[in-house]
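Here are the chains, one letter per residue:
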Amino acid sequence: MSDSRLSSLPSVDRSDVAARLRDALLGVDFTADGLLELLGASAYAALARSEVVPALRATRGDTALEALARLFLLQQAVPHARVEGVLPVDACVESGWLVRVGAGGDEIAAAVDVRPYGGPGGEDWFIVSDLGCAVGGAGGIGSQDEGVVLGVGGASTTLAGITVRTAVGAALDLGTGSGIQALHAAQHATRVTATDLNPRALHITALTLALSGAPAADLRQGSLFEPVRADETYDLIVSNPPFVISPGARLTYRDGGMGGDDLCRTLVSQAGVRLNDGGFAQFLANWQHVEGEDWQERLRSWVPRGCDAWIVQREVQDVTQYAELWLRDAGDHRGDVAEYQARYDAWLDEFEARKVKSVGFGWITLRKAAVADSEPSITVEEWPHSIEQPLGETVRQHFARVDYLRANDDAALLAAHFRLAAEVVQEQVGLPGAEDPEHVVLRQNRGMRRATKVDTVGAGFAGVCDGTLSAGRILDAIAQLVGEDAVALRDRTPVQIRLLVEQGFIEPAR
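Right, let's walk through the structure included here. Keep in mind it's a predicted model, so treat the numbers as computed, not measured. (Residues numbered from 1 in each chain as written. Predicted model: local features only at pLDDT ≥ 70, side-chain atom pairs only at ≥ 80, totals over all residues. Heavy atoms only, no water.)

Some remarks on the overall build of the chain
Counting secondary structure elements, the chain contains 20 helices and 19 strands. Computed over C-alpha atoms, the radius of gyration of the chain comes to 26 Å, within 12% of the 24 Å expected from 2.2 N^0.38 for 510 residues, which places it in the range of a compact globule. Projected onto its principal axes, the C-alpha positions of the chain cover 95 × 55 × 50 Å. The buried share of the chain, taken over its 510 residues, is 50%. Carbon and sulfur atoms provide 49% of the accessible area of the chain, an area that totals close to 22600 Å². Both charge centroids of the chain, one from 46 positive and one from 70 negative side chains, sit 2 Å from each other. (Helix = DSSP H or I, 4+ residues; strand = E, 2+ residues; numbered from the N terminus. Rg over C-alpha atoms; globule rule 2.2 N^0.38 Å. Buried < 20%, exposed > 50% of the residue type's maximum accessible area, 1.4 Å probe, protein only. Areas by Shrake-Rupley, 256 points an atom, 1.4 Å probe, with all protein chains shown as cover. Lys, Arg positive; Asp, Glu negative; His and termini not counted. Charge placed at Lys NZ, Arg CZ, Asp CG, Glu CD.)

What about the sheet that holds strand S14 (residues 417–420)?
Taking strand neighbours across the sheet as the criterion, the three strands line up as S18-S14-S19 in an open arrangement whose pairing is antiparallel. Each having just a single partner strand, strand S18 (466–470) and strand S19 (506–508) make up the two edges of the open sheet. Strand-to-strand, the axes of this sheet are offset by a mean angle of 35°, without reference to chain direction. Pairing of S14 with S18 involves two bridges; the strand directions are antiparallel. If you follow His417 over to S18, its bridge partner there is Ser470. (Pairing = 2+ DSSP bridges. Axes fitted to C-alpha atoms, helices over the stretch in contact; angles between N-to-C directions.)

Overview of the environment of Leu275
Locating Leu275 in the fold gives a position in strand S10 (residues 275–290). Residues Leu275 and Leu236 lie 39 residues apart in sequence; the distance between their C-alpha atoms is 7.2 Å.

Concerning empty space enclosed by the protein
Enumeration according to the criterion identifies two cavities of 30 Å³ or more in this entry. Of the volumes computed, that of the largest cavity is approximately 60 Å³. In this structure, the largest cavity is lined by 13 residues; those nearest its centre are Pro242, Val244, Gly256, Gly260 and Leu263. Residues belonging to the lining of the largest cavity are distributed by class as follows: six nonpolar, five polar and two charged. Taken together, Ile162, Trp310, Val312, Trp363, Thr365 and Val395 make up the lining of the second largest cavity. Put simply, the parts of the chain that give the lining of the second largest cavity at least two residues each are strand S11 (307–318) and strand S12 (356–368). (1 Å grid on protein atoms, 1.4 Å probe; cavity = no way out; pocket = protein on both sides within 12 Å on 5 of 7 lines; lining within 4 Å. Points joined across faces, edges and corners; volume = space filled by probe spheres on them. Nonpolar A, V, L, I, M, F, W, Y, C, P; charged D, E, K, R; others polar.)

Some details on the nonpolar core
Membership of the largest hydrophobic core comes to 78 residues, with the highest contact counts inside it found for Phe283, Ile364 and Leu366. The biggest single contributor to this core is S10, with eight residues. If near-sequence neighbours (up to four positions away) are discounted, Phe283 is found in contact with Leu159, Ile237, Ser239, Leu267, Val268, Ala271, Gly362, Trp363, Ile364 and Leu366. Ala24, Leu47, Leu98 and Phe126 belong to the second largest nonpolar core, which has 39 residues in total. (Core = buried A, V, L, I, M, F, W, Y, C linked by side-chain atoms within 4.5 Å. Contact = heavy atoms within 4.5 Å.)

So, the side chain of Arg450
Position of Arg450 among the secondary structure elements: in the loop between strand S16 (439–444) and strand S17 (451–454). Residue classification places Arg450 among the buried positions, given a relative accessible area of 10%. Among the polar contacts made by the side chain of Arg450, one reaches the side chain of Glu381 at a distance of 2.7 Å. Setting aside residues no more than four positions away along its own chain, Arg450 makes contact with Trp310, Glu381, Trp383, Leu442, Arg443, Gln444, Gln503 and Phe505. (Polar contact = N/O pair within 3.5 Å; in protein donor to acceptor, adjacent residues only side chain to side chain.)

Remarks on unusual backbone geometry
At the junction of Gln389 and Pro390, the peptide bond is cis and its omega measures out at 0° in the coordinates. Within the fold, Pro390 resides in the loop between strand S13 (378–382) and helix H15 (392–407). One non-glycine residue, Asp29, adopts positive backbone phi at about 65°. Within the secondary structure layout, Asp29 lies in the loop between helix H1 (15–27) and helix H2 (32–39). With a phi angle near 60°, Glu423 is a residue other than glycine that sits in the positive phi range. Structurally, the position occupied by Glu423 is in the loop between S14 and strand S15 (424–429).

Details of the pattern of salt bridges
Overall, the coordinates contain 30 salt bridges when judged by the stated rule. Glu232 is paired through a salt bridge with Arg229; the nearest N and O atoms lie 3.4 Å apart. Among the residues examined, Glu232 registers a relative accessible area of 7% and is labelled buried. A relative accessible area of 49% places Arg229 in the partly exposed class. Between Asp329 and Arg254 there is a salt bridge; the shortest N-O distance is 3.0 Å. One end of the pair, Asp329, is in helix H13 (residues 319–329); the other, Arg254, is in the loop between strand S9 (234–239) and helix H11 (262–271), and 75 residues separate them in sequence. (Salt bridge = Lys/Arg side-chain N within 4 Å of Asp/Glu carboxyl O.)

So, the layout of surface pockets
To find leftover empty space, one rolls a probe the size of a water molecule over the atoms. Looking at the second largest pocket, its volume works out to about 550 Å³. As for the second largest pocket, its lining consists of 27 residues, and the residues nearest its centre are Thr394, Gln397, Arg401, Gly504 and Glu507. Considering each element in turn, the lining of the second largest pocket owes the most residues, seven residues, to H15.

What to know about the pairing of S17
Side chains Thr452 and Val454 project from S17 onto a buried face, and the interleaved Ala451 and Lys453 project onto a face without burial. Bridging between S16 and S17 involves four bridges; their strand directions are antiparallel. From the neighbouring strand, Leu442 faces S17, where its bridge partner is Thr452. Connecting S16 to the antiparallel partner S17 that follows it, the hairpin turn spans six residues, and Gly447 within it adopts a positive phi of roughly 60°.

With respect to a negative patch on the surface
A grouping of Asp29, Asp33, Glu37 and Asp124 is seen on the molecular surface, where their side chains present a negatively charged patch. The topology assignment puts Asp124 in strand S5 (residues 124–129). (Patch = residues over 30% accessible without salt bridge, like charges linked within 9 Å, V, L, I, M, F, W, Y side chains within 5 Å.)

Right, dumping it as structure tokens:
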């Protein structure tokens, strides 16, 4: 990577320096937990909003941790004397992690932002990004440089949380950015390939992996699946792509450069042939809500042949809200008023030409079906409610339930044994003092935190599912209790059983 755009970045060829720097950072507790304790919750949360004043106030002392927080987290120059006994300063300067500044070079400044990041198993990792780009949002980062590489943001952590974490042979992080998804994948994949159109992002990904003590990834430059050979397939593909629907491709880190939502559609539709049987492809995406078109059918059309899919829409914004969000993300609202208005107009012109009334945001998960000729299961739903991350295991279980229901007809369901899923509670809703509830709701307290309305039979059935009796035997007992014909109850209840299994309220016991 000899590109001149990389000259200001630390060397990726000095892994020994990265290891020494990592040891030094850990040695003074420059970790997510350590900084939270140092800064306090309020100042730590302010950093995510690109506000540094509270953290500057919290690091006015003379400890080594405060000096490193100012240096790497807040991009403040510190006196050489304050860090020379803590960091391998000369080696870090030589390899480009630090630069000498001030009169006579008596101060040290960081060349990149280094942000502690806690792994899912309690690992202490470090995410490298461009200075001032540790987090996205309304900081106006995009106005600085089109090729900047951002650090950890809400989208990054969302994708990491929903990704299925099973041991796999090969994983692909497409559009790696600062390498967050590649870092996660390295913990459970034998081989990780990371791609990005921006060579600066690939360089920073190498730094993130090295400083976090993770294995190196196979780094390849190119757009979408272009860097992947025709004969290469993967067990896991993840991507937090530049999904913003915008006029043009001004900002590399967020604008895809294709018309409308074509980048996300292309990414999803081309993923199927890159997956091994049983493999997962998981994406964040934006999609258009077009006048006169069903948005769910639009997304169904993206799903490649031979794949099951689960698509969740988490948020919808009208076109004015959407344009304002991303204009502020680029800092355009802080510049010339006429120029801001002209850009706003251009966004609305683009949406009007495409008859787009709003834009949806959410997750798309594909699973390559092991049985090629099976009828695909495509679930498209809107779920703006609270969830419990991480959801990777919930995603895996969703597709396991798809397989189970596909393989078992109603007769098989009645012969099967079920148990109530963990942390499911029952709520009864009705007027105060009423003898019977108007309806009964089963609610999950984990994962997707779904709620579903059931009748008396459904509530009674779920309540006694402990794996000991078959579904049919339970229904026979309920029929006797409520005075209903057992055969009629067996005929009508499998639909409700199937729904309870599909949504994860009950699970096969054996």
